[in-house]
Amino acid sequence: MKFYDYEELRGFNVYDSIGLYYGFVCGVVYREDNVYVKACIRVVAEDSVPDVDLLKKMLSSKNISVEDESLDILVSLAREHGLDIPYKVVDQNIDLVKGIFPVSEIELIDEYYEGAMRKGVVLLNTPREALYRGRKVEASSPIPLPEKIVGKLVISKKNGVLGRAYSIVIGPGHPGLRVKRLKELKGYISWLKFLSDIKKRDPILYEKLAAIKDPLMHRRIALEEYELLVSEIRKRNIPEKIIKEIDKYIVSSEEGFSLFVDIPWPKIFVVNEIIIVE
């Protein structure tokens, strides 16, 4: 278990227990009973946001004490008492404090890098955002649909951030989730070998791929260029099954380490704005 001070934690995205985005870390509050983390949302000019002052007046008229309550609590109280949430349009970009939660609600904290950018997540063990949105919190088995998973951050309750969802895969008895790791991997794509094998099967397809990167000039392509290469291939409407074949031609400098990891679908807990796995 790793601990973080506020400066290390600041800006980390916060998600609730069912994978919904709650806000980002914008402060820490120290009280006698506990330590609390403050979460904010960034509001862009002309966005609609709950009118906190009016909401407090509406709740106070029902003899509900709301003096020091945060936005998420005010919204939850209004829903509980059947009140419509009043909104207003902001005229400038602001960071709005959404809520404050105790550290006891934190399930996991992890950091990761995408490119050179350091990022991080705080995963809660409560459905805070679901309650804020007025959504029912019901246990349901996620459905393995490619359009619902591709590109989403995948977080393991045991191992932290795994990577981003890449595709649905098939295994004995059930499907699985293929995740592209975010860890920077040293190695290369054996481009010449890949294109040589393609040429034996489909000379026309070979010509299309060779036009992207001449295999005689680029026998190997660094793994850092993987996403750019795939993007260029997709622009030429080449089938996804061909793109996925590239993975077989990855040579890693780390023995036993793969760019991808496959997770059996029964181990997927939640598919929402992020994917939460065992």
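Everything in this summary refers to the structure shown in the same document. Quick caveat: nothing in here was measured; it's all calculated off a predicted structure.

### Observations concerning the side chain of R128
(1) Moving on: Of note, R128 is situated in helix 4 (residues 128-133).
(2) Moving on: For R128, a relative accessible area of 14% puts it in the buried group.
(3) Moving on: A polar contact of 3.3 Å, which involves the side chain of R128, links it to the side chain of Y22.
(4) Moving on: One polar contact links R128 to E105, side chain to side chain, over a distance of 2.8 Å.

### Section: the state of the cysteines
(1) Moving on: Inspection of the entire model under this criterion finds one disulfide.
(2) Moving on: Each sulfur of the disulfide joining C26 and C40 lies 2.1 Å from the other. Looking along the S-S bond of the C26-C40 disulfide, the torsion reads about 75°, which is the right-handed sense. Here C40 lies in strand 3 (residues 35-43) and C26 lies in strand 2 (residues 21-30), a separation of 14 residues in the sequence.
(3) Moving on: The class of C40 is buried, set by a relative accessible area of 5%.

### Brief notes about the side chain of S156
(1) Moving on: Here S156 shows up in strand 9 (residues 153-156).
(2) Moving on: A polar contact of 3.0 Å, which involves the side chain of S156, links it to the backbone nitrogen of N159.
(3) Moving on: Setting aside chain neighbours within four positions, we find S156 in contact with L108, L162, V277 and E278.

Calculation criteria
- Residues numbered from 1 in each chain as written.
- Predicted model: local features only at pLDDT ≥ 70, side-chain atom pairs only at ≥ 80, totals over all residues.
- Heavy atoms only, no water.
- Helix = DSSP H or I, 4+ residues; strand = E, 2+ residues; numbered from the N terminus.
- Buried < 20%, exposed > 50% of the residue type's maximum accessible area, 1.4 Å probe, protein only.
- Polar contact = N/O pair within 3.5 Å; in protein donor to acceptor, adjacent residues only side chain to side chain.
- Disulfide = S-S within 2.5 Å.
- Contact = heavy atoms within 4.5 Å.

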